[in-house]
Amino acid sequence: MGGSLFTVALGLAVAANHPEPIQFNRDIRPILSDKCYACHGPDAANRKTALRFDIESGARIKLRNGHESIVPGDPTASEVFQRVTADDTALRMPPAYLGRDKLSVREIELIRRWIAEGAKWQQHWAYIAPKRPVLPEVQDRTWPRNPIDSFVLARLESEGLKPSPEVDRTTLIRRVTLDLTGLPPTPRAVETFVADSSAGAYEKLVDSLLASPRHAERMAIRWLEASRYADTNGYSIDGVRDMWRWRDWVLDAFQRNMPFDEFTIDQIAGDLLPGARSDQTIASGFHRNHRTNGEGGIVPEEFRTEYVVDRLETTSTVWLGTTVGCARCHDHKYDPIKQREFYRLFAYFNNVPEKGLVSNQGNEEPYMKAPTPAQEQQCKLFDQRVAQTQSAWDAVQPKLLQKQRKWESRISRSKRPLNWSIRDGLVLFAPLEGTPDEKVGGCDKAEGAHCTLPVVEGRVGQARVFDHKHFIELPDTLKFDYLDPFTIAAWIKPSSPTGTIVSKMDDYFEATGHGLFLKDGKIRLHVIQRYTDIGMRVESEMPVETNRWQHVVVTYDGHMKASGVKMYLDGRPLATKILFDALTDPLSTKIPWRIGGGGGPENHFRGLIDDVRIWNRAFTPEEAAVALLLEPVDQISAIGPEQRTEAQENKLRFCFLDGYAPNDIRRSLANLRNALKERTQFEKTIPTVMVMKEVPGLHQAHILKRGAYDSPGEPVDPGVPSFLPPLRPDWPNNRLGLARWLVDPSNPLTARVTVNRFWQMLFGVGLVKTVEDFGSQGEWPVHPDLLDWLSVEFVESGWNVSHILKKMVMSATYRQSSKITPEMLEADPENRLLS
């Protein structure tokens, strides 16, 4: 164990380097954090004894041997000092048996002096709200141009240093232009500035640079890095995404010098603001820039959890300068963040309706249309045209009804039947009348040319009798992919509750492709790329009947979501159940369309099928009901208008408009349809942007044991860490409340972290060198009072970014020459003192 001679020698060797009184935060906390917290820090699960050095009460306890851990004023009576100076490796701390090195001579002397000077404790500097410090007195009062210089000069003078001369004007314009715009000045700009000898020339230059679009781009680049912005989703199968409308919002925000508190709130929770504007919702795309995974075989919930963690860790890093990731699995080993608090923060970001497995084909829900200003103007023109054509169409309705009634009267007296069915978008019609193009499949060699399916009287003419083995194979001229809308309709009379009605897929149930089935009596639609994880499966809640003719209609709107599937039986909508909803990738199959087959031999159809039709668009409910009707139009017209069903009336109207209405009426309808179609086509060109959306209660947050998605522990509600100020009672306890808390003046971190990044951008290194870590493992600020002054100035200026940047570049500190003398290099090798 070290004695008094060691202590005296130590003091003589080191004291000269530290003439100032010891400060706990500056001198002692870094030693304890780096060398002691692992065993005596915030992580209770890993703490070896009751002794802990992250809080004062834990460091001043009586030890089991009766000794005092720290005795203010008396290092030799303090067990801490005795243990760090011990020669016996069994007693020495940090413990040699854990492979830890002994503290350096300098570190031991700092601890000795701290105890000797009274062992004054300080709360961690970054967790104390900054207050505007009094400007220090300086000897050279002619040098400072603004308060920044007073702090810098006072420190230089205390170290026996002087600032460098002001840089020449050519270098100054190059420096400030590069710093504020990322680009060098033009030769003309240099000439103009050098020739301008007016007192306000430099300030005028700075103002013009801060107002430049290039400055907005310069600031945006740094912010895009912080936000993890990219045009692809980032995992192994790196699919495309379109977030450039959010990027444009960031550019516009910097161009307008948007106050940083509004900038923060809009990006964290713009979607939750009362009456949120579209631009505020677009801003919330900040937290949709994280990596997403479209790789087959992943566990979606695992990656959904990763997305939430990413939002939490990014928020903590960007706004709080705090690394919270360690607390995912256990209490933080260095900072006062408990695992429970990690998951309370996690809960703020946990109610976004997103999926862990994403498409590699574009943006994922939730997203929104985000037209550019030019597109918004174009949309208005399309809306005007739709309104005009709608008005014209409304105006011809009396004439339309009059002409239709005359037509109805005429055809009802005609002796010629008028058969009509929906033709718009019809791409496949299989009447199943036994024609040669209806090739019979499923035949074995023994059947040879005799392979056939019987033809019997059907619901519409004749029908085929399917025997659970054979099927009809159609020419492969109709190709649908996952973004193609369709409607499939067929008359069926099943004798078995399971069977394939129509398919374009291989002959097993989990195959790639399209399939319309009966499964245990229920109507089932498959649109599958890979059965296990990429596809869509929907079925009706109610079963169909066997041994009775029924008309089935199934539609899909082409939007990749199971909610876009509608089913109808005998013209009536059916309630559906979504079995799987992850249609994210294109389909690829060369199998032809089949009627009665596909999906595996056990699923081949048994019974009668008649009149199969496929359209390349999704029917409306009215069209689904009309498709059911078999009565010729002339027979329906003979029924009085008051006695007709709605479907009958619609069939007459559709038929009349399809081929019998006067040209001016049909032209009016065509104009309306074209206007709607053109608007729809234009809307498809409008970019989307992924945004945040809150569904309260969607997912209950839990403490995840060892951080694993599938090991939920205690449930938790949203909340902020206890070592920081709480949310105000009038704020909602959701992302909006969290956003307001981040930029509340009582929060000690956000302003400091932000101005420190601005300083780093201009001076190359922050006042706190560890710009992303203001915690115990972070660096003590080299100019703490200057950092606090800048933080308070930033907040009190209304979080004015241009104001604080201008303060920095207008300072004499910024304008110094960067030429280094050997003496300066020796005294301040990293220019941390800004000489």
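The structure we're discussing is the one just above.
What counts and how
- Residues numbered from 1 in each chain as written.
- Predicted model: local features only at pLDDT ≥ 70, side-chain atom pairs only at ≥ 80, totals over all residues.
- Heavy atoms only, no water.
- Core = buried A, V, L, I, M, F, W, Y, C linked by side-chain atoms within 4.5 Å.
- Buried < 20%, exposed > 50% of the residue type's maximum accessible area, 1.4 Å probe, protein only.
- Helix = DSSP H or I, 4+ residues; strand = E, 2+ residues; numbered from the N terminus.
- Contact = heavy atoms within 4.5 Å.
- Polar contact = N/O pair within 3.5 Å; in protein donor to acceptor, adjacent residues only side chain to side chain.
- Expected span 1.5 Å × (residues − 1).
- Axes fitted to C-alpha atoms, helices over the stretch in contact; angles between N-to-C directions.
- Left-handed = near helix turned anticlockwise from the far one by under 90°.
- Nonpolar A, V, L, I, M, F, W, Y, C, P; charged D, E, K, R; others polar.
- 1 Å grid on protein atoms, 1.4 Å probe; cavity = no way out; pocket = protein on both sides within 12 Å on 5 of 7 lines; lining within 4 Å.
- Points joined across faces, edges and corners; volume = space filled by probe spheres on them.
- Pairing = 2+ DSSP bridges.
- Salt bridge = Lys/Arg side-chain N within 4 Å of Asp/Glu carboxyl O.
- Disulfide = S-S within 2.5 Å.
- Phe/Tyr/Trp six-rings, centres within 6.5 Å; stacked < 30°, edge-to-face > 60°.
- Parallel < 35°, antiparallel > 145°, perpendicular 65-115°, else oblique.

Counting residues in hydrophobic clusters, the biggest one holds 109 residues, and the most contacted among them are Y202, W223, W246 and L790. Among the elements that take part in this core, helix 24 (residues 750–763) stands out by supplying seven residues, more than any other. In this structure W246 touches W223, L224, S227, Y229, Q267, I282, A283, G285, F286, N289 and V689, once residues within four positions along its chain are discounted.

This part takes up the side chain of H604. Here H604 is to be found in the loop between strand 16 (594–595) and strand 17 (606–615). Overall, H604 belongs to the buried group, its relative accessible area being 4%. A polar contact is formed between the side chain of H604 and the side chain of D507, at a distance of 2.9 Å. Every residue in contact with H604, bar those within four places of it in the chain, is listed here: H468, K469, F471, T498, G499, T500, D507, G596, G597 and G598.

What follows is about helix 8 (residues 169–181). Counted at 1.5 Å a residue, the expected span for helix 8 with its 13 residues is 18 Å, and the 18 Å between its end C-alpha atoms agrees. Check the buried side of helix 8 and you find it contacts helix 9 (187–195), helix 10 (201–210), helix 11 (213–227), helix 24 and helix 26 (801–810). Between a side-chain oxygen at the N-terminus of helix 8 and the backbone nitrogen of T170 the separation is 3.2 Å; the capping residue is D168.

The next subject is the packing of helix 10 against helix 26. Relative to each other, helix 10 and helix 26 sit at 145 degrees, their axes nearing to 11 Å. You can see that helix 10 and helix 26 cross each other, and the crossing is right-handed. Here Y202, E203, V206, D207 and L210 of helix 10 lie close against helix 26, whose contacting residues are S802, L805, K806, V809 and M810. Class assignment for the residues of the contact of helix 10 with helix 26 results in six nonpolar, one polar and three charged.

On to unusual backbone geometry. The linkage connecting M93 with the following residue, P94, adopts the cis geometry, with an omega of -5 degrees. For P94, the location among the structural elements is in the loop between helix 5 (79–84) and helix 6 (105–116). A cis amide bond links E365 with the next residue in sequence, P366, at an omega value of 0 degrees. Examined against the element boundaries, P366 turns out to sit in the loop between helix 16 (339–348) and strand 1 (367–369). Even without a glycine there, the phi angle at R228 is positive, about 60 degrees. Summarising the element assignment, R228 is placed in the loop between helix 11 and helix 12 (244–255).

A volume near 2100 Å³ is recorded for the largest pocket. P485, R617, T680, Q681 and K684 are the residues nearest the centre of the largest pocket, which is lined by 50 residues in total. Within the residue set of the lining of the largest pocket, elements represented by two or more residues are strand 1, helix 19 (621–628), helix 21 (646–659) and helix 22 (663–685). Ranked by the residues each element gives to the lining of the largest pocket, the list is headed by helix 22, at 14 residues. Across the lining of the largest pocket, the residue classes tally to 18 nonpolar, 13 polar and 19 charged. Roughly 1500 Å³ of volume is contained in the second largest pocket. Taken together, 45 residues make up the lining of the second largest pocket; nearest its centre are R26, R155, W780, P781 and V782. Secondary structure elements with two or more residues in the lining of the second largest pocket: helix 2 (24–35), helix 6, helix 7 (147–158) and helix 25 (784–796). Tallied by class, residues from the lining of the second largest pocket come to 21 nonpolar, nine polar and 15 charged.

Attention shifts here to the pairing of strand 8 (residues 499–505). Most of strand 8 is tucked away, with seven of its seven residues classed as buried. In this structure, strand 8 lies alongside strand 9 (residues 513–519), joined through six bridges in antiparallel fashion. When the bridges of strand 9 are listed, M505 appears paired with G513. Bridge count between strand 8 and strand 16: two bridges; the pairing is antiparallel. In the strand pairing of strand 16, S503 is matched with R594.

A separate point is the pattern of salt bridges. A complete count under the given rule lists 51 salt bridges for this structure. The shortest N-O distance in the salt bridge between D279 and R277 comes to 2.9 Å. We note a salt bridge from R594 to E473, for which the minimum N-O separation is 3.8 Å. Here the residue R594 occupies a position in strand 16, and E473 occupies one in strand 6 (residues 471–473), the gap between them amounting to 121 residues.

With that settled, consider the state of the cysteines. On inspection of all chains with the given rule, the structure shows one disulfide. A sulfur-sulfur separation of 1.6 Å characterises the disulfide bridge that pairs C443 with C451. Between C443 and C451, the S-S dihedral sits near -70 degrees, and the bridge is therefore left-handed. On the accessibility criterion, C443 (34% relative accessible area) is partly exposed. There is no disulfide at C36, and the cysteine sulfur nearest it, in C39, is 8.8 Å away. Since its relative accessible area comes to 17%, C36 is described here as buried. Lacking any disulfide linkage, C329 is separated from the closest cysteine sulfur, that of C326, by 8.9 Å.

With that out of the way, let us pick up the packing of aromatic side chains. Going through the model one piece at a time under the given rule, you end up with 36 aromatic pairs. Ring geometry for Y127 versus F723: centroids 4.6 Å apart, planes at 55 degrees, classification tilted. Placement of Y127 in the loop between helix 6 and helix 7 and of F723 in the loop between strand 20 (712–716) and helix 23 (735–742) is noted, with a sequence separation of 596 residues between them. By relative accessible area, which is 9% here, Y127 ends up buried. Here the aromatic residues W223, Y229, W246, W249, F254, F260, F263, F286, W319, F758, F794 and W799 are joined through ring pairs into a cluster of three or more.

This paragraph deals with the packing of helix 17 (residues 373–395) against helix 22. Close contact between helix 17 and helix 22 brings their axes to 9 Å; oriented N to C, the two are set at 160 degrees. With respect to their mutual orientation, helix 17 and helix 22 come out roughly antiparallel. For the pair helix 17 and helix 22, the crossing hand works out as left-handed. Along its contact with helix 17, which presents Q375, Q378, C379, F382, D383, R385, V386, T389, Q390, A392 and W393, the element helix 22 presents I665, S668, L669, N671, L672, N674, A675, L676, E678, R679, F682 and T685.

The next point concerns the environment of A625. Here A625 lies in helix 19. You can call A625 buried: its relative accessible area is 16%. Placed 228 residues apart in sequence, A625 and Q397 show a C-alpha to C-alpha distance of 23 Å. If we skip the residues at most four places from it in the chain, A625 touches G571 and A647.

Turning to the sheet that holds strand 10 (residues 522–530), a few remarks are in order. Taken together, the eight strands give an open sheet; going across it, the order is 3-6-16-8-9-10-11-15, and neighbouring strands pair in antiparallel fashion. Looking at which strands have only one partner, the edges of the open sheet turn out to be strand 3 (439–441) and strand 15 (576–582).

Here the focus is helix 11. Residues spaced three or four apart along an α-helix point in a common direction, a consequence of the helix completing one turn every 3.6 residues. For helix 11, built from 15 residues, the straight-helix expectation of 21 Å at 1.5 Å per residue is met to within 8% by its first-to-last C-alpha distance of 20 Å. If you check which residues of helix 11 are buried, you get H215, A216, R218, M219, A220, W223, L224 and S227. The backbone nitrogen of R214 has a side-chain oxygen 3.0 Å away, supplied by the residue at the start of helix 11, namely S212. Backbone geometry just downstream of helix 11 places R228 in the positive-phi region, at approximately 60 degrees.

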